[in-house]
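Residues per chain, in single letters:
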Amino acid sequence: MVSLKNLSHNEMDTIKTEAYERGLQDTDILQIIAVLARDKVLLDLGREIKEVDKHDPDKD
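Residues numbered from 1 in each chain as written. Predicted model: local features only at pLDDT ≥ 70, side-chain atom pairs only at ≥ 80, totals over all residues. Heavy atoms only, no water.

A. Region of interest: helix α2 (residues 26-44). For α2, spanning 19 residues, the distance from its first C-alpha to its last is 27 Å, which sits close to the expected 27 Å at 1.5 Å a residue. For α2, the full list of buried residues reads I29, L30, D39 and L42. As for α2, its buried residues are in contact with α1 (9-22) and α3 (49-52). At the C-terminal side of α2, G46 shows a positive phi close to 80°. (Helix = DSSP H or I, 4+ residues; strand = E, 2+ residues; numbered from the N terminus. Expected span 1.5 Å × (residues − 1). Buried < 20%, exposed > 50% of the residue type's maximum accessible area, 1.4 Å probe, protein only. Contact = heavy atoms within 4.5 Å.)

B. Seen up close, the environment of R22. Looking at the element boundaries, R22 is found in helix α1. Within the local environment of R22, its side chain forms a polar contact with the side chain of E18, the two groups lying 2.3 Å apart. (Polar contact = N/O pair within 3.5 Å; in protein donor to acceptor, adjacent residues only side chain to side chain.)

Note that all results are geometric; they support no functional claim without further evidence.
Written out as structure tokens, the structure reads:
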């Protein structure tokens, strides 16, 4: 589970404001950020995101 406790007050306020403006919960925004961060790491490692998202990446 993604948590707000490791963020600064400014970061928490930004996330909460963004969530409110979009009609989402703050945890929804954090999950989106987590997926975007994961995708960035995978791209940096040269991995294809669509392969990682498959249930069984080795099979088509």
